[in-house]
Amino acid sequence: MAQRSTSARAPAPLQRLEEKLTKENLWLYILSILKERPAYPYEIGKLIEERFGWKPARVTAYMVMRSLRAKGYVRISVRRGEDTGKMRNYYEITESGIKLLEKGLQFLEKTLESLKGEH
């Protein structure tokens, strides 16, 4: 699991950086999870917490997923949940979602390399 946020004890600039790279860019985390496999909304939040060490607000996550769907980066398929047998809406990443995720990751990698002086 990724390290938990240090926001509670971190200096203000670091707290702002953490918020910008997590909550304000939730789409990156959602697409990363969905690239691995389809998931239903509640599960996506749990997977982000387990994998990345922070928990997005449920309403925010739903709003981001709705926006990603409206823009064609994810789609919904209705299927029976493995855990309960209930019918659920599973989100799946689309080809354009994969391309968006790759561009976002490339941007982050390039930025990190530049900050480290690794041009």
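As shown above, the structure is provided for reference.
Every chain begins its residue count from 1, and numbering advances along the sequence as written. Reporting of local features is limited, given that this is a predicted model, to residues whose pLDDT is at least 70; pairs of side-chain atoms are given and counted only at 80 or more, and all residues count toward the totals for whole chains, interfaces and linings. Processing note: side-chain calculations cover all non-hydrogen atoms of the structure and skip hydrogens and water entirely.

### Concerning the environment of T22
Argument step 1. Each helix corresponds to a stretch of at least 4 residues labelled H or I by DSSP, and each strand to a stretch of at least 2 residues labelled E; elements are numbered beginning at the N terminus. Relative to the elements of secondary structure, T22 occurs in the loop between α1 (12-21) and α2 (26-36).
Argument step 2. The spacing of T22 and K55 is 33 residues in sequence and 9.3 Å in space, taken between C-alpha atoms.
Argument step 3. Setting aside chain neighbours within four positions, we find T22 in contact with Y29 and W54. It only takes one pair of heavy atoms within 4.5 Å for two residues to be counted as in contact.

### A short note on the environment of V74
Argument step 1. By secondary structure assignment, the location of V74 is in strand β1 (residues 74-80).
Argument step 2. Residue classification places V74 among the buried residues on the basis of a relative accessible area of 3%.
Argument step 3. Separated by 11 residues in the primary sequence, V74 and M63 place their C-alpha atoms 13 Å from one another.
Argument step 4. Residue contacts for V74: discarding those within four places in its chain leaves L31, L34, M65, L68, R69, Y91, E92, I93 and T94. Buried, partly exposed and exposed residues are distinguished by accessible area as a fraction of the type maximum, computed with a 1.4 Å probe on protein chains only: under 20%, between the cut-offs, and over 50%, respectively.

### Topic: the pattern of salt bridges
Argument step 1. The salt bridge definition used is simple: a Lys or Arg side-chain nitrogen within 4 Å of an Asp or Glu carboxyl oxygen. Applying the stated criterion across every chain yields a total of six salt bridges.
Argument step 2. Between E19 and K23 there is a salt bridge, and its shortest N-O distance comes to 3.8 Å.
Argument step 3. The class for E19 is partly exposed, based on a relative accessible area of 38%.
Argument step 4. Between R51 and E36 there is a salt bridge; the shortest N-O distance is 2.3 Å. One end of the pair, R51, is in helix α3 (residues 41-52); the other, E36, is in helix α2, and 15 residues separate them in sequence.
Argument step 5. The partly exposed category is assigned to R51, whose relative accessible area is 34%.
Argument step 6. Judged by its relative accessible area of 54%, E36 is exposed.
Argument step 7. Put simply, R75, R79 and E92 are held in one network by salt bridges that share partners.

### Section: the layout of surface pockets
Argument step 1. Grid points spaced at 1 Å and placed over the protein atoms alone form the basis of the search, with a cavity being a set where a 1.4 Å probe fits but cannot get out and a pocket an open set showing protein on both sides within 12 Å along at least five of seven lines. Lining residues have an atom within 4 Å of a point. Grid points are joined across faces, edges and corners, and a volume is the space filled by probe spheres set on the points. Reported here for the second largest pocket is a volume of approximately 240 Å³.
Argument step 2. Those elements giving two or more residues to the lining of the second largest pocket turn out to be α2 and α5 (95-116).
Argument step 3. Examining the composition of the lining of the second largest pocket, we find that five residues originate from one element, α5, more than from any other.
Argument step 4. Residues belonging to the lining of the second largest pocket are distributed by class as follows: nine nonpolar, three polar and no charged. Charged residues are taken to be Asp, Glu, Lys and Arg, nonpolar residues to be Ala, Val, Leu, Ile, Met, Phe, Trp, Tyr, Cys and Pro, and polar residues to be all remaining types, Gly included.

### Some points on a nonpolar patch on the surface
Argument step 1. Residues forming no salt bridge and having over 30% relative accessible area are the ones grouped into patches, like charges within 9 Å of each other and nonpolar side chains (Val, Leu, Ile, Met, Phe, Trp, Tyr) within 5 Å. Each accessible area is a Shrake-Rupley estimate made with a 1.4 Å probe; only the visible protein chains count as cover when residues are assessed. On the surface, L14, L17, L21, L105, F107 and L108 cluster together into a nonpolar patch covering about 530 Å² of accessible area.
Argument step 2. Counting only elements with at least two residues in the nonpolar patch, the list comes to α1 and α5.
Argument step 3. As for its placement among the helices and strands, L105 is situated in helix α5.

### Overview of the packing of α3 against helix α4 (residues 58-70)
Argument step 1. Between α3 and α4, the shortest axis-to-axis distance is 10 Å and the interhelical angle comes to 115°. Our classification of the angle between α3 and α4 gives roughly perpendicular. By crossing handedness, the relation of α3 to α4 is classed as right-handed. In this structure, α3 uses P41, Y42 and I44 to contact α4, whose residues at the interface are R58, Y62 and M65.
Argument step 2. Of the residues assigned to the contact of α3 with α4, the class counts are five nonpolar, no polar and one charged. Think of each axis as a best-fit line through the C-alpha atoms, taken over the contacting stretch in the case of a helix, with angles from 0 to 180 degrees between the N-to-C directions. For classification purposes, angles smaller than 35 degrees are called roughly parallel, those larger than 145 roughly antiparallel, those between 65 and 115 roughly perpendicular, and all remaining angles oblique. Crossing handedness is read from the near helix: turned anticlockwise from the far helix by less than a right angle, it gives a left-handed crossing, and turned clockwise, a right-handed one.

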